[in-house]
Amino acid sequence: MDHSLGVGVNRKGASAHANLKDKADRATTEQVLDARTRVVLLKMVGRGVVAEINGCVSTGKEANVYHGVAHEPVERELALKIYKTSILIFKDRDRYVAGEHRFRRGYARHNPRKMVRMWAEKEMRNLKRLRAAGVRCPEPVEVRENVLVMDFLGEASQASPRLKDAESDAWDDLYVELMLTIRTIYHQCRLVHADLSEYNLLLHQDHIWIIDVGQSVEHDHPSAFDFLRSDLSNVEVFFGRRGVTVLGLRRSFGWVTNEEENEETLRKLMSEPEEKDLDDGAFKHTYIPRRLDDVYDPERDIEEGRVREAVAAAPGDDEQVADDDEGSVGDNPEDIDREKRPRGHRHEDRDAKKERKKAVKAEARERRVQKKERKKAAGH
């Protein structure tokens, strides 16, 4: 019998079952059900996690959701979220991962299956955080590889509608409920959803439920404020189209991030609508530093803020205040120079840079000459 080893053959011994790899092993059904995923599902059925797996109820850029049924310990409906591993439409994961503490050791960027597995585990941890804080979201049951099992939001195999397709007569109350939920997620869960919109919200049992939290980031993420601002912008636009008196992007951001706000202050702000001006448009594109290191010149910014507050609080005619302000600036040229000249050498022009380097070299040369003279004097 010929036991010659061929390409891809198991070298541990002669066997008729060679470890031959073929494209068929990676072939998928409905973009998610490849051979490995089917093995994971069969093992879940064998362990009793799920008894029946029915049709697909939702498709998205990163996963498909299937309806399932469990018989033990009690009969209940489940949702099986199966992440795509072969056909990755959602490739912009770097902006949600880079800089976050939970991924400080990196992630398998070039291995789709490992990357998706970490993504599924991250979503399960985020769901547990939300459930612990009392946020309405699916209860996670188990995660294996690229399959996440959780509670099914719906009745009789019919999924609850997305907020985009839902109908309601209480949009004002739903807006308040969602804003309180965003605030709870931010302060108690210390997370930012990072993809909050009417497509990732379900109207279930007359309440808003949060789904798709795999991309949610922690507070220490460099873009956490940008994600929060984007989430609030989507909320403001959607509910504004439903006739709700929304706060506006700038006020809603301040209300969510302020620890002392509550539902009473939210409804009070809603009863005092802010005039639409350029503040929201400017705030939408304003850079928001997360820590003091992100500020280029904090001393100057603090001092300028104090000057503006003093000018605003000073009594008297506005023109007189303006004249005094102009006179004070003109009388102190150092303030003008300090305001125009940023700290450091990043904004230095070419000629000034040459002169500075020349002076540094001359100073170093002088120090070397003095050092030689001291050694020479010590030798004599």
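The model shown is predicted, which means the values in this text are computed figures rather than measured ones. (Residues numbered from 1 in each chain as written. Predicted model: local features only at pLDDT ≥ 70, side-chain atom pairs only at ≥ 80, totals over all residues. Heavy atoms only, no water.)

Engineer: I'd like a description of the overall build of the protein chain, backed by residues and values.
Structural biologist: Scanning the protein chain from terminus to terminus reveals 12 helices and 11 strands. Looking at the protein chain as a whole, 36% of its 380 residues qualify as buried. Residue pairs in contact within the protein chain that sit at least 24 positions apart in sequence constitute 62% of those at least 6 positions apart. With an accessible surface of roughly 24200 Å², the protein chain has 48% of that area assigned to carbon and sulfur atoms. (Helix = DSSP H or I, 4+ residues; strand = E, 2+ residues; numbered from the N terminus. Buried < 20%, exposed > 50% of the residue type's maximum accessible area, 1.4 Å probe, protein only. Contact = heavy atoms within 4.5 Å. Areas by Shrake-Rupley, 256 points an atom, 1.4 Å probe, with all protein chains shown as cover.)

Engineer: Which residues make up the pattern of salt bridges, and what are the values?
Structural biologist: Side-chain pairing between opposite charges can occur once the charged atoms of the two side chains come close. Across all of its chains, the model carries 18 salt bridges by this definition. Between Asp-165 and Arg-162 there is a salt bridge whose closest N-O contact spans 3.4 Å. Connected via shared salt-bridge partners are Glu-62, Lys-81, Glu-123 and Asp-212. (Salt bridge = Lys/Arg side-chain N within 4 Å of Asp/Glu carboxyl O.)

Engineer: Outline the packing of helix 4 (residues 171-187) against helix 7 (residues 263-271), supporting the account with residue identities and numerical values.
Structural biologist: Two elements in contact, helix 4 and helix 7, have axes whose closest approach is 11 Å; the angle formed by their N-to-C orientations is 135 degrees. Between helix 4 and helix 7, the angle falls in the class oblique. Crossing of helix 4 against helix 7: the hand is right-handed. Note on element contacts: helix 7 touches helix 4 through Glu-263, Leu-266, Arg-267 and Met-270, opposite Asp-173, Tyr-175, Val-176, Met-179 and Leu-180. Residue composition of the contact of helix 4 with helix 7, grouped by class: 6 nonpolar, no polar and 3 charged. (Axes fitted to C-alpha atoms, helices over the stretch in contact; angles between N-to-C directions. Parallel < 35°, antiparallel > 145°, perpendicular 65-115°, else oblique. Left-handed = near helix turned anticlockwise from the far one by under 90°. Nonpolar A, V, L, I, M, F, W, Y, C, P; charged D, E, K, R; others polar.)

Engineer: Tell me what's going on with the pairing of strand 5 (residues 147-151), and back it up with residues and numbers.
Structural biologist: In terms of burial, strand 5 is largely enclosed, as 5 of its 5 residues are buried. Of the strand pairs in this sheet, strand 4 (residues 140-144) and strand 5 are connected by 4 bridges, and their pairing is antiparallel. Its bridge partner lying in strand 5, Val-143 is registered against Leu-148. In sequence, strand 4 turns back onto strand 5 through a hairpin of 2 residues, with Glu-145 there showing a positive phi of about 55 degrees. (Pairing = 2+ DSSP bridges.)

Engineer: Run through the pairing of strand 10 (residues 207-210), naming residues and quoting values.
Structural biologist: Strand residues, when the strand is regular, have side chains that alternate between the two faces of the sheet. One ladder, built from 4 bridges, connects strand 9 (residues 201-204) with strand 10; its direction is antiparallel. Counterpart to Leu-202 in the pairing with strand 10 is Trp-209. Here strand 9 folds back onto strand 10 in antiparallel fashion, the turn holding 2 residues, of which Gln-205 has a positive phi close to 55 degrees.

Engineer: Account for the environment of Tyr-186, with residues named and values stated.
Structural biologist: Summarising the element assignment, Tyr-186 is placed in helix 4. Judged by its relative accessible area of 9%, Tyr-186 is buried. The sequence separation of Tyr-186 and Thr-257 amounts to 71 residues, and the corresponding C-alpha distance is 7.5 Å. The residues touching Tyr-186, leaving out its near neighbours within four places in the chain, are Leu-191, Val-192, His-219, Phe-225, Leu-228, Val-256 and Thr-257.

Engineer: I'd like a description of the confidence of the model for the protein chain, backed by residues and values.
Structural biologist: Looking at the protein chain, the pLDDT average stands at 79 and 68% of residues meet or exceed 70. Mean pLDDT values for the elements of the protein chain range from 47 in helix 10 (residues 318-331) up to 96 in strand 10. For residues 317-322, every residue scores under 50 in pLDDT, and the model assigns this stretch 2 contacts once sequence neighbours within four places are set aside. In this model residues 324-330 is a low-confidence stretch, pLDDT under 50, and it forms 1 contact with partners more than four residues away in sequence or in other chains. (pLDDT = per-residue confidence, 0-100.)

Engineer: So what about a positive patch on the surface? Which residues, and what values?
Structural biologist: On the surface, Lys-353, Lys-357, Lys-361, Arg-365, Arg-368 and Lys-372 cluster together into a positively charged patch. A relative accessible area of 43% places Lys-357 in the partly exposed class. (Patch = residues over 30% accessible without salt bridge, like charges linked within 9 Å, V, L, I, M, F, W, Y side chains within 5 Å. Lys, Arg positive; Asp, Glu negative; His and termini not counted. Charge placed at Lys NZ, Arg CZ, Asp CG, Glu CD.)

Engineer: Kindly report on unusual backbone geometry, identifying the contributing residues and their values.
Structural biologist: The phi angle at Arg-190 is positive, at roughly 55 degrees, despite the residue not being glycine. Here Arg-190 lies in the loop between helix 4 and strand 8 (191-192). Its relative accessible area of 48% is what places Arg-190 among the partly exposed residues. Of note in this structure, Asp-206 is not a glycine but carries a positive phi near 65 degrees. Take Asp-206: it is sitting in the loop between strand 9 and strand 10. For Asp-206, a relative accessible area of 66% puts it in the exposed group.

Engineer: Give me the lowdown on the sheet that holds strand 3 (residues 76-83), citing residues and values where you can.
Structural biologist: The strand order across the open sheet formed by 5 strands is 1-2-3-5-4, and the pairing between neighbours is antiparallel. On the outer flanks of this sheet lie strand 1 (52-59) and strand 4, each paired with one strand and no other. Ignoring which end each strand starts from, the neighbouring axes of this sheet average 25 degrees apart. Across the sheet, helix 3 (residues 112-132) touches strand 3, strand 4 and strand 5, and the angle it forms with strand 4 is around 165 degrees.

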